[in-house]
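Breakdown of the fold
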Amino acid sequence: MTFEIPVERTLQPKTKPAEDKLGFGKYFTDHMLIMDYEEGAGWHAPRIIPYQPITLDPAAKVFHYGQTVFEGLKAYRTADDKVLMFRPQMNLSRLNASNRRLSIPEIDEALALEALKKTVWADRDWIPAAPGTSLYVRPFIIATEPLLGVSPSLKYRFMIIMSPVGAYYSEGINPVSIHVEAEYVRAVAGGVGEAKTAGNYAAGLKAQQEASGRGYSQVLWLDGVHREYIEEVGSMNVFFRIGDRVVTPALNGSLLAGVTRDSVLKLLRHWGVPVEERAVSITEIADAHRDGTLHEAFGTGTAAVVSPIGELSWQGEAMTIGGGWMGELAQRLYDTLTGIQTGRLADEFGWRVELGEG
Ligand code: COI
């Protein structure tokens, strides 16, 4: 099935930033996609228009009650100038899982995939080619009905914006230092922790601000009930290599089901590395650090890719991991994932979607 998505091209294309100065999420491309929802009409009239500010009623529900969801995925330019996206269907099914949790009407995933492809294609000249760069694609939905009563909005807007990016952390792929958060919590099972919704990130800002004041890049969240079991880092899932196995927190309802997390699990299993998805306590990690069996720690995420964790601070103890260098497994995962994503390696798992005209 094909969907009609008209494109209005900008008359004022912007100057593109230098590929070695991209950072993360600072520059936006020339176009964006918008599509609206109203009761009765459903999701309708997707269109690609020049990137521009939008006008919203100050009473729009998103401003007051945070009814909003988002996704993050990337498009890559290959050495022979093809355009690839990585597992976009997984992002779209997670978008609908977030929609269900936030009482937002689900979106047709085939239509949303077509919208993603057409929007990326419209700005394909913006996809950077330098190693470690990509086009970050941010689909999101906001509740637009102007009404202060607390009830699900009757109107929504879906948008896709895009940003050429380099590494998420200023450290690049060098190890980051992370503070284990003992005071604040991010989410509890039954809440919205497993949805990709703005409030989860807003709830984390205070802890992140305090940790960054002490020189840490991010916080590692512990569970909200026991303050003992590891959940995730602000913008990534976490993995630990202890002895001969790799452990990562199981999806327990309060952490995000990362697409990169899933890809890393599949690669590790394919390589025959023993992997455990289960409850992982911070005490277990500190013990493993003390007895010398904690060989590696790393985060995974679309923005972060595979980012080594060089130091974890917990209860005044600074645990240095892997001598502060990227571990061999994290490096292999990073090289393999980015190799598949950018077309350098074969796509054994069928993860890539190639874009083209039409
Ligand atoms: C992503 O990795 O795409 C994320 O959404 C993390 C982010 C909040 C920068």
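Below: a short report on this structure. (Residues numbered from 1 in each chain as written. Predicted model: local features only at pLDDT ≥ 70, side-chain atom pairs only at ≥ 80, totals over all residues. Heavy atoms only, no water.)

1. What to know about the overall build of the chain
Applicable threshold: Put simply, DSSP marks the helices as runs of H or I at least four residues long and the strands as runs of E at least two long, and each gets a number from the N terminus on. Note that the radius of gyration is over C-alpha atoms, with the globule rule given as 2.2 Å times the number of residues to the power 0.38. Relative accessibility decides the category of a residue: with a 1.4 Å probe and only protein chains considered, values under 20% of the type maximum give buried, values over 50% give exposed, and everything between is partly exposed. Contacts were defined at the residue level, with two residues in contact if any of their heavy atoms lie within 4.5 Å.
A tally of helices and strands in the chain yields 7 helices and 17 strands. On C-alpha atoms alone, the chain measures out to a radius of gyration of 21 Å, which is about the 21 Å that the 2.2 N^0.38 rule sets for 358 residues. Viewed in the frame of its principal axes, the chain has a C-alpha envelope of about 60 × 55 × 35 Å. A total of 358 residues make up the chain; the buried ones form 53% of that total. Of all intrachain contacts in the chain linking residues separated by at least 6 positions in sequence, the fraction that spans at least 24 positions is 70%.

2. Looking at the site of the ligand
Which entries qualify depends on this criterion: We call a residue near a molecule or strand as soon as one heavy atom of that residue lies within 4 Å of the molecule or strand. We define a polar contact as two N or O atoms separated by no more than 3.5 Å, with the added condition that, inside protein, one atom must be a possible hydrogen donor and the other a possible acceptor, whereas residues neighbouring each other in sequence contribute only through side-chain atom pairs. Areas reported as accessible are Shrake-Rupley estimates using a 1.4 Å probe. Residue values count occlusion only from the protein chains shown. Basically, the charged four are Asp, Glu, Lys and Arg, the nonpolar ten are Ala, Val, Leu, Ile, Met, Phe, Trp, Tyr, Cys and Pro, and anything else, Gly included, counts as polar. Throughout the structure description, domain borders are defined by an automatic or database domain assignment.
Close to the ligand lie Phe70, Gly72, Tyr136, Arg138, Tyr168, Lys196, Tyr201, Ser235, Thr302 and Ala303. Here an oxygen atom of the ligand and a side-chain polar atom of Tyr136 are 2.6 Å apart. Contact distances for the ligand include 3.3 Å between an oxygen atom and a backbone N or O atom of Thr302. Here the ligand loses 90% of its free accessible area of 280 Å² to cover by the protein chains. The class makeup of the residues in the shell around the ligand is 5 nonpolar, 3 polar and 2 charged. Looking at which domains feed residues into the shell around the ligand, each of domain 1 (31–166) and domain 2 (176–342) supplies at least three.

3. Focus on the side chain of Arg157
With respect to the helices and strands, Arg157 occurs in strand S7 (residues 155–165). On the basis of relative accessibility, which here comes to 17%, the residue Arg157 falls in the buried class. A polar side-chain atom of Arg157 sits 2.7 Å from a polar atom in the side chain of Asp36. Residue contacts for Arg157: discarding those within four places in its chain leaves Ile34, Met35, Asp36, Trp43, Arg47, Ile54, Phe140, Ile141, Ile142 and Thr144.

4. Considering the nonpolar core
The condition that has to hold: Each nonpolar core is a collection of buried residues, namely Ala, Val, Leu, Ile, Met, Phe, Trp, Tyr and Cys, held together in the definition by side-chain atoms within 4.5 Å.
In this structure, Leu33, Trp43, Ile107, Val120, Ile141, Phe158 and Ile160 are the most contacted members of the largest nonpolar core, which totals 38 residues. Residues in contact with Ile141, not counting those within four places in the same chain, are Trp43, Gln67, Thr68, Val69, Leu95, Asn99, Ile104, Ile107, Tyr156, Arg157 and Phe158. Ile230, Ile285, Leu312 and Ile321 belong to the second largest nonpolar core, which has 26 residues in total.

5. With respect to the side chain of Thr260
Positionally, Thr260 belongs in helix H5 (residues 259–270). By relative accessible area, Thr260 is classed as buried at 5%. Looking at Thr260, its side chain comes within polar contact range of the main-chain nitrogen of Thr302, at 3.3 Å. Sequence-distant contacts of Thr260, that is, excluding residues within four places in its chain, are made with Thr300, Gly301, Thr302, Val305 and Leu337.

6. Some details on a nonpolar patch on the surface
For clarity, the cut-off: Only residues whose relative accessible area exceeds 30% and that take part in no salt bridge are eligible for patches, with like-charged residues grouped when within 9 Å of each other and nonpolar side chains (Val, Leu, Ile, Met, Phe, Trp, Tyr) grouped when within 5 Å. Between Lys or Arg on one side and Asp or Glu on the other, a salt bridge is scored when a side-chain nitrogen of the former is within 4 Å of a carboxyl oxygen of the latter.
Residues Tyr65, Leu148 and Val150 make up a contiguous nonpolar surface patch of roughly 330 Å² in combined accessible area. Note on placement: Val150 falls in the loop between strand S6 (134–143) and S7. Note on Val150: relative accessible area 72%, which makes it exposed.

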